[in-house]
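Below, each chain spelled out in residue letters.
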Amino acid sequence: MDKALLSRTAAAMVAKGKGILAADESSGTCEKRFKSVNVECTEENRRSYRNLLFSTPGIEQYLSGVILFDETARQKAVDGSPIPQYLQKKGIVPGIKVDKGTADIPFTAGEKVTEGLDGLQKRMKEYFEMGCRFAKWRAVITIGEGIPTHTCIYANAHALARYAAICQEASIVPMIEPEVLLDGNHTAERSEEVHEATLRATYAALAAYNVSLEHLILKTSMVVSGKDNPRQASVEEVAERTVRVLKRTVPAAQPGIVFLSGGQSDEAATAHLSAMAAMPGLPWPLTFSYSRALQNPALKTWRGQAGNVAAAQKAFFHRAHMNGLASTGKWRAELEKQAA
Ligand code: 13P
């Protein structure tokens, strides 16, 4: 365990004004996204699309890191070098999704636990050799009638903690992602309760497995209303509830917190981040680690056509720029300046 390297990596991931692109969609998820724009989900199309994102001119101004899927980490970049090396050359930290998706937890109403611990130590060594310096593991917590159960929260917290310890041992910074889904008709208040229970259990498990808080990044969902609830919490309410729950549960020793977008609109994800980052006295830097909220306009512009690459890159650059501003709390002021 190289603590100096872990510290450098974690600091680089949350560098001021930058954030992380999640480009680690599994082939199944990629298929769904490509289908929405009528693109066939072949290995070559996945490579072309990811390279469009990574080779966007100037994108390193706003991207500190990229989360890759295993297939992408083994593919070649636009200059022929392996993609992790290409990102490193641009000053972007390559990361890797290492979980293997979810399975049903027995004796629950279909709640999920994330798999992928078996053989992980060996896989981590290979990823380190490939140049990956951080990893991601996503746990899924669903809110509904009588759920999440304690069993679900407990099982996922322990898997996250075991994964995090294995990462740190291999000098790879663990990004732990307990995602509380926004699906359902629950209130923002209920979401806050579930976030609190989930994060408390996660940090208790991290302590039980001797995970070093100084070498860890939390990737969390925001406390929003369920998407089917007619009363949607305002930007201010989301910011207030999210920061309150994070302050209650996440130790200040941690180098930073990043957010997933989780199906929020592009602009909502940016507005929420900006409102939180503008709050005074935060103990950790906050930034983005979005997939959909960064990529949506680029994907819709690209549609699999080589002739649309430049326009798609422009759309991607714009969202990265807006979220870079949001991570310093300056997004709204910039919008108002532009409108004046
Ligand atoms: P979204 O921003 O689309 O939620 O994706 C982030 C992510 O990495 C989910 O695991």
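Residues numbered from 1 in each chain as written. Predicted model: local features only at pLDDT ≥ 70, side-chain atom pairs only at ≥ 80, totals over all residues. Heavy atoms only, no water.

Caption draft 1: Highlighting the site of the ligand. What surrounds the ligand is the set A22, K136, R138, E177, K219, L260, S261, G262, S289, Y290, S291 and R292. In this structure, an oxygen atom belonging to the ligand sits 3.0 Å away from a side-chain N or O atom of E177. Residue G262 places a main-chain N or O atom 2.6 Å away from an oxygen atom belonging to the ligand. Contact with the protein chains hides 93% of the accessible area of the ligand, taken as 300 Å² for the molecule alone. (Near = heavy atom within 4 Å. Polar contact = N/O pair within 3.5 Å; in protein donor to acceptor, adjacent residues only side chain to side chain. Areas by Shrake-Rupley, 256 points an atom, 1.4 Å probe, with all protein chains shown as cover.)

Caption draft 2: Focus on the side chain of N229. Summarising the element assignment, N229 is placed in the loop between β8 (217-220) and α9 (235-249). There is a polar contact of 2.7 Å between the side chain of N229 and the backbone nitrogen of R231. With near-sequence residues (within four places) excluded, N229 lies in contact with G184, N185, H186 and T187. (Helix = DSSP H or I, 4+ residues; strand = E, 2+ residues; numbered from the N terminus. Contact = heavy atoms within 4.5 Å.)

Caption draft 3: Representation of the environment of A204 within the structure. Take A204: it is sitting in helix α8 (residues 188-208). The partly exposed category is assigned to A204, whose relative accessible area is 47%. Residues A204 and L282, 78 residues apart in the sequence, show an inter-C-alpha distance of 22 Å. (Buried < 20%, exposed > 50% of the residue type's maximum accessible area, 1.4 Å probe, protein only.)

Caption draft 4: Representation of the packing of aromatic side chains within the structure. Counted by the stated rule, this structure contains 6 aromatic pairs. With a centroid separation of 5.8 Å and an interplanar angle of 40°, the aromatic rings of F288 and Y290 are classed as tilted. Pairwise contacts between aromatic rings join F34, Y49 and W302 into one cluster. The ring of F128 is capped by R133, whose NZ or CZ atom sits 3.8 Å from the centre of that ring. (Phe/Tyr/Trp six-rings, centres within 6.5 Å; stacked < 30°, edge-to-face > 60°. Lys NZ or Arg CZ within 6 Å of the ring centre and 35° of its normal.)

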